[in-house]
Amino acid sequence: MSEAVEIAPGIYWIGVNDRTTDLFEGIWPIAREGVSYNAYLIRDEKLALIDLAKATKGEDLLRQIDTLADTAALDYVVINHMEPDHTGVLRLVQRLAPRAIFVCSEKAREMLGTFYGITERIRVVHDGETISLGRHELKFFETPFVHWPETMMTWVTPGGVLFSCDGFGGFGALEGAIFDDQHDSLEYYEQEALRYYSNIVARYGRMVLKAIDKLAALPIAVIAPAHGLVWRGHPERIVELYKQWAGYSLGADKPEITLLYATMYGATETMMNAVARGITAVGVPMQIFDVTHTHVSYILPSLYSRKGVVVGAPTYEGHLFPVMASVLAMAEAKHLTGKKAAYFGSFAWSGGGQGTFQKLVEPLKWEILEQLVFPGNPTAEDLKKGEALGADFARAIQKSGLEGKTDG
Ligand code: FEO
């Protein structure tokens, strides 16, 4: 169980760490890393709760509210985002806080009904609208698609705290301290923030940049997201990272390579080593993933942030090896478009993997620069071709980076 932490006078973090859920959204592994659901309480003439927690964490959240206030006395429950990792406790809170008004965006109003049957005591707020709590004032900013269409962020003064919900969030339970300036190294949290971004928010890069633009004039002292660290020391750091990451989806991805491979009996793996040798000889940074043994959650940060993708996978039942096909389907779901790509793979008799690859990347608008298929195990001649494929592809990626620089 967590303990409440005052983040500014009268404003408290009352988040909970979740170290028991294996898969966030039922897809993304967090068994090792955990995740936090950060909620906040503002004590003033009016009592306001900002965001909540997943249903299984109700007791932990309510116990923390109890240490600071009477849940029954809640005046407002601000719902920045309807996804149930933040609203699962809502019906419980509704019962325990009979006079609380649910504050949300217009689009969230309908979801309150469809998710929880809540149709009363709702106050819809629009962009720039304010609610006074006494000394504190809440101001609301619509930030659609960061992460769902109904999403908004809430700004509170005095304190200069931005409750940004999914925006600027990250995976990883909070390890002993909630603030960025309490950790010697932020490497782990930033890495988990990028994994979160690429797994959850990546599809909406343009909307993330719009939200950042909209908030640019706010004198933000603290960024208080609903997942991960509270950014008090350097709130600008996580904004810059999100801006950079959103840019990857708009063509600013790095001139580096993600090499994805799968193998059944080692033939495609042998070729993968030759291709990787070619890439390494040119000196382009590369990350290699065996997709059969690596959950796509850990592949997406690399795939999302790099311009070059090399896919090595054999034919299976006349199509592309299915685990690789599912990775490419996820790339499509996340709109990881506009990459430069290469394909190689082994087949036993008729082939088919290459054709499936071409079909799968068509909607992604990946430009296929190199392709190599071979029957059975690769010969020495095949491996030379593979090494050359790797080197040629790496040079093309290098060149695309230089072109990017020329274009500014
Ligand atoms: Fe953390 Fe989109 O919910």
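Right above here is the structure, for reference.
Cut-offs used in this document
- Residues numbered from 1 in each chain as written.
- Predicted model: local features only at pLDDT ≥ 70, side-chain atom pairs only at ≥ 80, totals over all residues.
- Heavy atoms only, no water.
- Pairing = 2+ DSSP bridges.
- Helix = DSSP H or I, 4+ residues; strand = E, 2+ residues; numbered from the N terminus.
- Axes fitted to C-alpha atoms, helices over the stretch in contact; angles between N-to-C directions.
- Contact = heavy atoms within 4.5 Å.
- Buried < 20%, exposed > 50% of the residue type's maximum accessible area, 1.4 Å probe, protein only.
- Right-handed = clockwise from strand over helix to strand, strands pointing away.
- Phe/Tyr/Trp six-rings, centres within 6.5 Å; stacked < 30°, edge-to-face > 60°.
- 1 Å grid on protein atoms, 1.4 Å probe; cavity = no way out; pocket = protein on both sides within 12 Å on 5 of 7 lines; lining within 4 Å.
- Points joined across faces, edges and corners; volume = space filled by probe spheres on them.
- Nonpolar A, V, L, I, M, F, W, Y, C, P; charged D, E, K, R; others polar.
- Salt bridge = Lys/Arg side-chain N within 4 Å of Asp/Glu carboxyl O.

J.: Mind showing me how you'd approach the sheet that holds strand β23 (residues 367-375) here?
T.: Paired through backbone hydrogen bonds, the strands of a sheet run either parallel or antiparallel to each other. What the five strands build is an open sheet, ordered β18-β17-β19-β22-β23; its pairing is parallel. Strands at the two margins of the open sheet, each flanked by one partner only, are β18 (286-290) and β23. Neighbour to neighbour, the strand axes of the sheet diverge by 15° on average, direction disregarded. Strand contacts of helix α9 (residues 296-305): β17 (254-261), β18 and β19 (306-312), with the helix running at about 125° to β19, the strand carrying the most contacts.

J.: It is not clear to me how the environment of leucine 303 should be interpreted in this structure. Could you clarify?
T.: Along the chain, leucine 303 falls in helix α9. Among the residues examined, leucine 303 registers a relative accessible area of 0% and is labelled buried. Measuring from C-alpha to C-alpha, the distance between leucine 303 and lysine 54 comes to 29 Å, with 249 residues separating the pair along the chain.

J.: I'm lost on the pairing of β18 in this one. Help?
T.: Where a strand is regular, its side chains alternate between the two sheet faces. Here β17 runs beside β18; their pairing, made up of five bridges, is parallel. The residue bridging isoleucine 257 from the neighbouring strand is methionine 286, located in β18. Once you follow β17 into helix α8 (residues 267-282) and on to β18, the crossover reads as right-handed.

J.: Just to check I follow, could you spell out the packing of aromatic side chains for this structure?
T.: For any pair of aromatic rings, the description consists of the separation of the ring centres together with the inter-plane angle of the planes. Under the defined criterion, the tally for this structure stands at 16 aromatic pairs. Between tyrosine 197 and tryptophan 245, the ring centres sit 5.9 Å apart and the planes meet at 55°, which makes this aromatic pair tilted. Placement of tyrosine 197 in helix α5 (residues 187-201) and of tryptophan 245 in helix α7 (residues 235-252) is noted, with a sequence separation of 48 residues between them. Judged by centre distance (5.5 Å) and plane angle (45°), the ring pair of tyrosine 242 and tryptophan 245 falls under tilted.

J.: How should empty space enclosed by the protein be read in this particular structure?
T.: Any empty space left between the atoms is revealed when a probe the size of a water molecule rolls over them. Taken as a whole and judged by the stated rule, the model has one cavity of 30 Å³ or more. Put simply, the largest cavity is a space of about 60 Å³. Forming the walls of the largest cavity are Phe168, Gly169, Gly170, Phe171, Tyr189, Ala193, His227, Gly228, Leu229, Trp231 and Ile238. Residues of the lining of the largest cavity, tallied by class, amount to seven nonpolar, four polar and no charged.

J.: Before we go on, may I ask you to explain the pattern of salt bridges in this structure?
T.: A side chain with one charge can pair with a side chain of the opposite charge if their charged atoms come near. Counted by the stated rule, this structure contains 16 salt bridges. Glutamate 106 is paired through a salt bridge with arginine 109; the nearest N and O atoms lie 3.4 Å apart. Here glutamate 106 pairs with arginine 109, and both are found in helix α4 (residues 106-116), just three residues apart, close to one helical turn. On the basis of relative accessibility, which here comes to 39%, the residue arginine 109 falls in the partly exposed class. Between lysine 307 and aspartate 253 there is a salt bridge whose closest N-O contact spans 3.0 Å. Taken together, the positions of lysine 307 in strand β19 and aspartate 253 in the loop between α7 and β17 put the pair 54 residues apart, joining distant regions of the chain.

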